[in-house]
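# Analysis of the macromolecular model
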Amino acid sequence: MRRYPKLREADVTAEKVFFSQRRTILKALGISAATLTLPLSARADLASWFKGESPADAPAGKPLDFSKPSQWRPDLPLTPFDKVTGYNNFYEFGLDKADPAANAGGLKTQGWQVRIDGEVAKPVTLDIDDILKRFPLEERIYRLRCVEAWSMVVPWIGFELGKLLALAEPNSQARYVAFQTLDDPAQMPGQKDRFIGGGLQYPYIEGLRIDEAMNPLAFMTVGVYGKTLPPQNGAPIRLITPWKYGFKGIKSIVHITLTREQPPTTWNLSAPDEYGFYANVNPHVDHPRWSQASERVIGSGGILDVKRQPTLLFNGYAEQVAGLYRGLDLRENY
Ligand SMILES: Nc1nc2c(c(=O)[nH]1)N[C@H]1C(S)=C(S)[C@@H](COP(=O)(O)O)O[C@H]1N2
Ligand SMILES: [Mo]
């Protein structure tokens, strides 16, 4: 396949260019960065999807009520809001880091439902409004480490995944939890065009072992920076597993199934040698194409603000999760 010129993640100037020029200019023009790097056929498709108009702006987030347990307030500088909500991976809306913010604004989240079924005593379908009322929300400041070797520190708002699963009463056969993103090519252009969506198999799917899912760190996330999630961050509800690479944190979830067998996962299906089922952050196990020993910290911007720091085992959460993997070869089970 022909390669189209595109800034690489590994290029340290990417962020500088991206934030100082690209996003501002493209946003002013009402076009997505992707339209400049895509082949003509895909540009035409994206244009027809937008019907010649610029995509809808994201609705303003609604303020949420939440507690701030001191346990989840590490002394770390937060990644600024504009980076958390402007530098995203959400391939359903394009491959460029600016695409989700530019293209996901119209995602319809009213009347959103999440179905929980499979190996459970009580299959249940919950409305997002019900979820927001049923579970007391808390703010947790978590590190986020993308497999692409960049990192952020994000104040998420949500509740423990284990509490959601408990509602459905998993039975003794439930050994894994499988998650699925919304399947709606009419709303998600990347799902019907491989040039926009990177040729992944859609809908996006992810999975955890049941003991990983029940770990208190596993967080069903409904907000960020005090308000409901913007579409580009996976509105209205997504998973955050901070000890794993970011791609485990599946966005815009509609379906959760408890299973007996290990479920397939999107990135593992796409490139099994590069992305495993576990995807635990590990500085000693490199990606086949780059080192994982250190990471680029997404900071407050600026040309000289290119900070690298060592990557931590389990992204700094070893104390909470290392016990889950006792006796497991982390090099084989990447
Ligand atoms: N459905 C879906 N979920 C997804 C992705 C995606 O492309 N589609 N990207 C993943 C990746 S690679 C990362 S790093 C995180 C990024 O989350 P953020 O944009 O909120 O920082 O979302 C993850 N969840
Ligand atoms: Mo990622």
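Remember, it's a predicted structure, so these values are computed and weren't measured experimentally.

Surveying the vicinity of ligand 1 reveals 17 residues, the closest of which are N88, Y91, E92, N233 and K251. Separating an oxygen atom of ligand 1 from a side-chain N or O atom of N88 is a distance of 2.8 Å. Here N233 contributes a side-chain N or O atom positioned 2.9 Å from an oxygen atom of ligand 1. Starting from 540 Å² of accessible surface for ligand 1 in isolation, the protein chains cover 98%.

Quick look at the pairing of strand β7 (residues 219-224) now. Most of β7 is tucked away: 6 of the 6 residues are buried. Looking at chain direction, strand β4 (residues 150-160) and β7 are connected through 5 bridges and run antiparallel. Of the residues in β7, the one forming a bridge with F159 is M220. Pairing of β7 with strand β9 (residues 238-240), which is carried by 3 bridges, proceeds in the antiparallel orientation. What sits directly across from F219, in β9, is I240. Bridge analysis of β7 against strand β8 (residues 227-228) gives 2 bridges, and the strand direction is antiparallel. Residue G223 lies in a different strand from β8, and its bridge partner there is T228.

Once that is clear, we can look at the packing of aromatic side chains. One pass over the structure, following the stated rule, counts 14 aromatic pairs. Consider the rings of Y142 and F219, whose centres lie 5.7 Å apart with planes at 70°: the pair is edge-to-face. Linking Y142 in strand β3 (residues 138-145) with F219 in strand β7, this pair joins segments that are 77 residues apart in sequence. Summarising the burial analysis for this pair, Y142 and F219 share the class buried.

Another point: the pattern of salt bridges. Going through the model one piece at a time under the given rule, you end up with 13 salt bridges. Put simply, E160 and R140 hold a salt bridge, and the shortest N to O gap is 2.6 Å. Of this pair, E160 sits in strand β4 while R140 sits in strand β3, placing them 20 residues apart in sequence. By relative accessible area, E160 is classed as partly exposed at 21%. Its salt-bridge partner being E212, residue K244 comes within 2.8 Å of it at the nearest N-O pair. Remark: E212 occurs in helix α9 (residues 210-214) and K244 occurs in the loop between β9 and β10 (253-259); sequence separation between them is 32 residues.

Of note, the amide linkage connecting Y202 to P203 takes the cis form, showing an omega dihedral of 0°. A positive phi angle is found at A149, which is not glycine, with a value near 75°. By the element assignment, A149 lies in the loop between β3 and β4. The phi dihedral of F314 is positive, around 55°, even though this residue is not glycine. Relative to the helices and strands, F314 is located in the loop between β12 (307-310) and α11 (318-321).

Pairing within the open sheet is mixed, and its 5 strands lie in the order β2-β1-β10-β5-β6. Whereas interior strands pair on both sides, the edge strands pair on one side only; in this sheet they are β2 (124-127) and β6 (205-209). In this sheet, adjacent strand axes meet at a mean angle of 15° when their direction is disregarded. Here 6 bridges tie strand β5 (residues 176-181) to β10, and the two strands are oriented antiparallel to one another. When the sheet's bridge partners are listed, Y176 is paired in β10 with T259.

Here is what the cut-offs are and how they apply
Residues numbered from 1 in each chain as written. Chains lettered and ligands numbered in written order. Predicted model: local features only at pLDDT ≥ 70, side-chain atom pairs only at ≥ 80, totals over all residues. Heavy atoms only, no water. Near = heavy atom within 4 Å. Polar contact = N/O pair within 3.5 Å; in protein donor to acceptor, adjacent residues only side chain to side chain. Areas by Shrake-Rupley, 256 points an atom, 1.4 Å probe, with all protein chains shown as cover. Buried < 20%, exposed > 50% of the residue type's maximum accessible area, 1.4 Å probe, protein only. Helix = DSSP H or I, 4+ residues; strand = E, 2+ residues; numbered from the N terminus. Pairing = 2+ DSSP bridges. Phe/Tyr/Trp six-rings, centres within 6.5 Å; stacked < 30°, edge-to-face > 60°. Salt bridge = Lys/Arg side-chain N within 4 Å of Asp/Glu carboxyl O. Axes fitted to C-alpha atoms, helices over the stretch in contact; angles between N-to-C directions.

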